[in-house]
Protein chains: 2
Amino acid sequence: MARSKMLDEIHQQPEALEHTLSGALKSVEGLKKLLEKRRPRLVVLAARGTSDNAALFGRYLLETATGIPVSLAAPSVFTAYGAKVDLRDSLVVAISQSGESTDTNYVLERANEQGAITVGITNNSRSTLAKLPGHCFLVRAGKEKSVAATKTYTGQVLMLNLLAHALGAPVPMDDLRRLPDWAEQALSLEAEVADKVVRYRFMQEAVVVGRGLNYSNAYEFALKLMETCYVVAERFSSADFLHGPIAMVEASFPMFLFAPGGATWPTMKEMLERLQSLEADNLVITDRSNQEALRAAKRAICLPCSIASKGPLPSEYLTPIPYIIPAQMFAACLAVEMGLNPDKPRTLSKVTQTL
Amino acid sequence: MARSKMLDEIHQQPEALEHTLSGALKSVEGLKKLLEKRRPRLVVLAARGTSDNAALFGRYLLETATGIPVSLAAPSVFTAYGAKVDLRDSLVVAISQSGESTDTNYVLERANEQGAITVGITNNSRSTLAKLPGHCFLVRAGKEKSVAATKTYTGQVLMLNLLAHALGAPVPMDDLRRLPDWAEQALSLEAEVADKVVRYRFMQEAVVVGRGLNYSNAYEFALKLMETCYVVAERFSSADFLHGPIAMVEASFPMFLFAPGGATWPTMKEMLERLQSLEADNLVITDRSNQEALRAAKRAICLPCSIASKGPLPSEYLTPIPYIIPAQMFAACLAVEMGLNPDKPRTLSKVTQTL
């Protein structure tokens, strides 16, 4: 089988991140000035699918780094029920790769009518979303041909870091400039990941666990496994998983854990130990800064770099972009191992419009 | 095997709902007066597990019925990252059966420190949550002995209807007084449900779909299937399901759909037709008011009553309580059919404390 577009696009991420960052810097400063004058009381993020997973990262980062409460929009409140939600003092952000997601665009239009500050994050400068009033931030990842989104996810996550900066959070631009290099280092794991997927050839179900700033990655990895490998993959925060779903786990149950060092590691370590006592089949994704995770895990994918910020933000806030890359490669390689074409999942098309 | 406590407690719901409603009416009016003077700009709901599923119902009802934005709290923002989220103008609600959920109590304490209006919803009047400053609303369902929560979920959903009333939403009390009777009618389906579960004896995975006000029921039914039957059960809104996960569906894939009439039915109908063209194995939960669903579905559980409100709220806003009851019975009966004890799921205990 020819190399998949998905794998090609995964490899375009260092360059895409660099373009996205340099392309957005100026307009982000403009938004920052506006937000200094008019600080929102609430941030509302509206998205679907992979973009909604990026929004989930934004939910944790923005609330943690700015103290402004964040809400993930429920588009059907607007579309199905026609509710008039008071968004006047809010910053409303719609995120869509194609910019043609009907329901999230609808939320942004309602926010515009109320005079809210609105931001669109999209990969397509000619899309409906890019043309709506408000600020538009372009993910400059180049056209995404594979149905399974990869480079647009990391581009959106990067954009949410810039949005935190625009809202006054202490995000050092030098930190963000290191992301393309860390992405490059993550890509160097491809051969190792391609080796590792073989034993998952007949996996039918799985659970992915992440917490806090990596909770979104649990959603995104699970979605890639569902879309490209047809694995019934659930996703939980480690806390939610203990409130019931852990009962599913029996010996050999496949578990994937995002385990950066930092504030979430103690609870993730407890979770790992608990899963080991249940004899689950655990694979941990971590980096060289978390040696304890490497000692605790029987199986791990370890990024060959140390990713830990020393500033005022949580030390692991930069891990989501490099950490998702081995997971993306895992899904792309496993699909091929299973005899599937990750670029053309059955039933799906690239642009999904829902109301 | 003796009849499970879970099934007993499912049957206690009409009475529990009646007690909860009559017990809360007075204190809800007190809260209503306070909220009239001091209208919050945001409602934050903090919960875990089944209580978080009830919160998800609250998220849709409160936003739709009051227009006040709602956010589901991410407790780890407070516990793991120690963030200082600005909750001064918010109404912060913690929901916990036991009242001993450490992280959600922690969120409420931080909100109290800031002078936010706070509400605790719990089944246990002697719990930590009941003793925190703020308003306490008791779910008067009686002690819940089964690990799998049932009567406390419907009690919490009822309480969220009362909270909508306290926030000025047009919730007719006469509507709420009909809920115990509708719950009773749902319970009359037990023999039918017990018959139906037999063919699911070897089900290993499933997807539950709901939308809008029944999205929470999709989460709750899936959680019951995970906890008591160890089925890897995913849960999606019909819109999110189309953005990727539908690729998992092949012929015979077990799907469960909550399908009330009203604003969400057109998209749910489309989803059902799509699933039928994929030859999925669909079971629809609906009521007599949605004859179209009965005609469209090959397999259905139909409540023997018509549940459609004619007031200003979405016509299906009262369906979540009666609709979850056949689903609860389904999980309880299927567990027994599988040779499992639904009252004692492996690995779990009744009170889960997470930070």
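Residues numbered from 1 in each chain as written. Chains lettered and ligands numbered in written order. Predicted model: local features only at pLDDT ≥ 70, side-chain atom pairs only at ≥ 80, totals over all residues. Heavy atoms only, no water.

All names here are of chain A. Spatially, the 5 strands line up as an open sheet ordered β7-β6-β8-β9-β10, and their pairing is parallel. Two strands in the sheet have a free side with no partner beyond their single neighbour: β7 (232–237) and β10 (300–303). Mean inter-strand twist for the sheet, computed between neighbouring axes without regard to direction, equals 15°. Across 6 bridges, strand β6 (residues 205–210) lies against β7 in parallel orientation. (Pairing = 2+ DSSP bridges. Helix = DSSP H or I, 4+ residues; strand = E, 2+ residues; numbered from the N terminus. Axes fitted to C-alpha atoms, helices over the stretch in contact; angles between N-to-C directions.)

If a probe as big as a water molecule is rolled over the atoms, it shows which places are left empty. Considering only enclosed or pocket space, the largest pocket measures out at about 450 Å³ in volume. Along the walls of the largest pocket sit 25 residues, with R41 and D89 of chain A together with R41, L42 and D89 of chain B positioned nearest its centre. Class assignment for the residues of the lining of the largest pocket results in 10 nonpolar, 5 polar and 10 charged. In this structure, the second largest pocket occupies an estimated 380 Å³ of space. Taken together, 19 residues form the lining of the second largest pocket, with M203, Q204 and Y230 of chain A together with E205 and E250 of chain B sitting closest to its centre. (1 Å grid on protein atoms, 1.4 Å probe; cavity = no way out; pocket = protein on both sides within 12 Å on 5 of 7 lines; lining within 4 Å. Points joined across faces, edges and corners; volume = space filled by probe spheres on them. Nonpolar A, V, L, I, M, F, W, Y, C, P; charged D, E, K, R; others polar.)

The pairing of strands in a sheet comes from backbone hydrogen bonds and takes either a parallel or an antiparallel form. Residue and element names in this part refer to chain B. An order of β2-β1-β3-β4-β5 is seen for the 5 strands of this open sheet, with the pairing classed as parallel. The sheet is open, and its two edges are formed by β2 (70–72) and β5 (135–138), each paired on a single side. Going from strand to strand, the sheet's axes swing by 20° on average, the running direction of each strand aside. As judged from the 4 bridges shared by strand β4 (residues 117–122) and β5, these two strands associate in the parallel manner. Within β5, the position partnered with I121 by the bridge is F137. Strand contacts of helix α3 (residues 49–66): β1 (42–47), β2 and β3 (90–96), with the helix running at about 165° to β1, the strand carrying the most contacts. (Contact = heavy atoms within 4.5 Å.)

Here we come to the relation of the copies chain B and chain A. With an RMSD of 0.0 Å, the operation that places chain B on chain A is a rotation of 180° combined with a shift of 0.0 Å along the axis. Such a combination of rotation and displacement between the chain copies is what one expects of a two-fold axis. When each C-alpha of chain B is compared by its distance to the rotation axis, S71 of chain B comes out closest, at 2.3 Å. Both copies share a contact surface, since 99% of the interface residues of chain B are interface residues in chain A too. (Least-squares fit on C-alpha atoms with pLDDT ≥ 70 in both.)

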